[in-house]
Amino acid sequence: MELSIFNDASKDGSAEIIAKWKVKLEDAGVPVVVGSNDSAQPRGVGFAKNQAIIQSSGTYLCFLDSDDVMMPQRVRLQHEAAIQHPNSIIGCQVRREPPESTARYTRWINNLTEEQLLTQVFTSHGPTVIMPTWFCSREWFYHVGKFDEGGKGVPEDLLFFYKHLQKGGGVLRVNHCLLLYRYHPQAATHSVHEETIWNHRVKFLEDRVLSTWTSFTIWNAGKQGKKLYRSLSPANRKKVTAFCDVDEKKIAKGFYTFEESEERPKPKIPICHFREATPPFIICVKQDLTGGAFETNLSMLNLKEGRDYYHFN
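Residues numbered from 1 in each chain as written. Predicted model: local features only at pLDDT ≥ 70, side-chain atom pairs only at ≥ 80, totals over all residues. Heavy atoms only, no water.

S.K.: What is the right way to look at the packing of aromatic side chains in this model?
M.R.: Think of a pair of aromatic rings as described by two things: how far the centres are apart, and how the planes are tilted against each other in angle. Inspection of the entire model under this criterion finds 25 aromatic pairs. Site record: aromatic cluster; members linked through ring pairs are Phe63, Trp134, Phe141, Tyr142, Phe147, Phe160 and Phe161. Taking the ring centre of Trp21 as reference, the NZ or CZ of Lys24 above it sits at 4.6 Å. In this structure, Arg96 is placed above the aromatic ring of Tyr181, and the distance from its NZ or CZ to the ring centre is 3.9 Å. (Phe/Tyr/Trp six-rings, centres within 6.5 Å; stacked < 30°, edge-to-face > 60°. Lys NZ or Arg CZ within 6 Å of the ring centre and 35° of its normal.)

Printed below as a string of structure tokens:
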């Protein structure tokens, strides 16, 4: 095993900490490769990750953010899975610190089924196995291509994950808690604008799903559903046959008028109750937030995720 660290122009004493641990680890028989960007400004997360990979030599890559802690058996268990699935990104379950900082997100990370690791890739949560848990072969990493080096504000992990899926890559999770995943407001992920991520998600949804559908219903006649409709390409907007909802006030309006349209007359999209709607659905309702009411409504329709609906919550 080798540890590869890239210090991207940090000013917080990281260099001293790295130097101390380099001695300890090498005394224990673990080679440590350290690179650095010595300019005044950091080049960004994507650049730093790429440099850490380039300067390393291992056949497999195990990613770890500097603020997280991995369990002793992590490398062994993920390595075993990666040997069996050479074209996959292997993740794991996590324990959040502080424990209740992102309870819904943590439940989602840890409880997705094997099928949902591939069907729930369009949600606002991002990659279905989170980047600090990734483990993959070097060969597959270079087949996908390096991380985007656009710098601050670029969701480099999401873009890499999408490229990975587009190239036919698999997604697996080792069902053991192998990472202490720390939450803090200064994390780099908070520097990415929500709208940037939204636009990437919409484009990926259009490419992967909507391009194969001739018509569909948007489940949510409220703000999120209408925003998705407005964000679609003109060709995909024409495929929307209805909005559906459970809110009687929204249903009573009868339709949604696309006021921004330059068409005359302006498009009017019917709004109906979810029981009267026709699949397939793009669902813009948040999961795990209504005490099970939404999930009950969805399950009563006996639909198959990945065929009859996708989540875009």
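Following the structure, the description resumes.
S.K.: Mind showing me how you'd approach the sheet that holds strand S9 (residues 240-245) here?
M.R.: Either a parallel or an antiparallel arrangement is found when strands of a sheet pair, and the pairing is made through backbone hydrogen bonds. The strand order S10-S11-S9-S8-S12-S13 describes an open sheet built from 6 strands, whose pairing is mixed. Looking at which strands have only one partner, the edges of the open sheet turn out to be strand S10 (255-257) and strand S13 (309-311). Adjacent strand axes in the sheet meet at a mean angle of 25 degrees, parallel and antiparallel pairs treated alike. Bridging between strand S8 (residues 216-219) and S9 involves 4 bridges; their strand directions are parallel. Its bridge partner being in S9, Phe216 is matched across the sheet by Val240. The sheet strands contacting helix H9 (residues 223-231) are S8, S9, S10, strand S11 (268-273) and strand S12 (281-283), and the helix crosses S9 at an angle near 165 degrees. (Pairing = 2+ DSSP bridges. Helix = DSSP H or I, 4+ residues; strand = E, 2+ residues; numbered from the N terminus. Axes fitted to C-alpha atoms, helices over the stretch in contact; angles between N-to-C directions. Contact = heavy atoms within 4.5 Å.)

S.K.: What am I meant to see in the environment of Phe274 here?
M.R.: Within the secondary structure, Phe274 is located in the loop between S11 and S12. For the pair Phe274 and Asp247, spaced 27 residues apart in sequence, the C-alpha separation works out to 9.7 Å. Those residues within four positions of Phe274 in sequence are excluded, and the remaining contacts are Trp219, Cys244, Asp245, Val246, Phe281, Asn297, Met300 and Leu301.

S.K.: Help me understand the environment of Ile271 in this model?
M.R.: Among the secondary structure elements, Ile271 is positioned in strand S11. Sequence separation of Ile271 and Asp207 is 64 residues, and the distance between their C-alpha atoms is 26 Å.

S.K.: Before we go on, may I ask you to explain helix H7 (residues 156-166) in this structure?
M.R.: Given 3.6 residues per turn, any residue in an α-helix points the same way as the ones three and four places further on. Across the 11 residues that make up H7, a large majority, 8, are buried. Among the residues of H7, Glu156, Leu158, Leu159, Phe160, Phe161, Tyr162, His164 and Leu165 are the ones counted as buried. Elements that come into contact with the buried residues of H7 comprise helix H2 (45-54), strand S5 (88-97), helix H5 (116-119), helix H6 (138-144), strand S7 (170-182) and helix H8 (194-208). (Buried < 20%, exposed > 50% of the residue type's maximum accessible area, 1.4 Å probe, protein only.)

S.K.: Got a minute to help me understand the packing of H7 against H8 in this structure?
M.R.: When two helices pack together, their arrangement is captured by the angle between the axes and the distance separating the axes. For the pair H7 and H8, interaxial distance at closest approach is 11 Å and the crossing angle is 5 degrees. Of the possible angle classes, the one that applies to H7 and H8 is roughly parallel. Mapping the contact onto sequence places Leu158, Leu159, Tyr162, Leu165 and Gln166 in H7 and Ile197, His200, Arg201, Phe204 and Arg208 in H8. Its residues placed into classes, the contact of H7 with H8 shows 6 nonpolar, 2 polar and 2 charged. (Parallel < 35°, antiparallel > 145°, perpendicular 65-115°, else oblique. Nonpolar A, V, L, I, M, F, W, Y, C, P; charged D, E, K, R; others polar.)

S.K.: Please explain the side chain of His273 as it appears in this structure.
M.R.: Residue placement: His273 occurs in strand S11. The residues contacting His273, other than those within four sequence positions of it, are Cys244, Asp245, Val246, Glu248 and Ile251.

S.K.: I keep staring at the packing of H8 against H9 and nothing clicks. Help me out?
M.R.: Packing of H8 against H9 brings their axes to within 11 Å, and their N-to-C directions diverge by 65 degrees. Here H8 lies roughly perpendicular to H9, going by the angle between them. Our pair here, H8 against H9, has a crossing hand that is right-handed. Facing H8, whose interface residues are Glu195, Trp198, Val202 and Leu205, H9 presents Gln224, Lys227, Leu228 and Ser231. When its residues are assigned to classes, the contact of H8 with H9 shows 4 nonpolar, 2 polar and 2 charged. (Left-handed = near helix turned anticlockwise from the far one by under 90°.)

S.K.: What am I meant to see in unusual backbone geometry here?
M.R.: Residues apart from glycine generally show negative phi values, whereas peptide bonds are mostly found in trans. Following Glu97, the chain continues to Pro98 via a peptide bond in cis, the omega torsion being 0 degrees. Inspection of the secondary structure assignment puts Pro98 in the loop between S5 and helix H4 (103-111). Pro265 follows Arg264 through a cis peptide bond whose omega is -5 degrees. If you check the backbone angles, Ala9 has positive phi at about 55 degrees while not being a glycine. Among the secondary structure elements, Ala9 is positioned in the loop between strand S1 (3-8) and helix H1 (14-27). When its relative accessible area of 9% is taken as the criterion, Ala9 is described as buried. A positive phi angle, near 55 degrees, is found at Asn302, a position not held by glycine.

S.K.: I'm lost on the environment of Met1 in this one. Help?
M.R.: You can see Met1 is positioned in the segment before S1. Between the C-alpha atom of Met1 and that of Gly292, which follows or precedes it by 291 residues, the distance is 45 Å. Those residues in contact with Met1, other than ones at most four positions away along the chain, are Val30, Pro31 and Val75.

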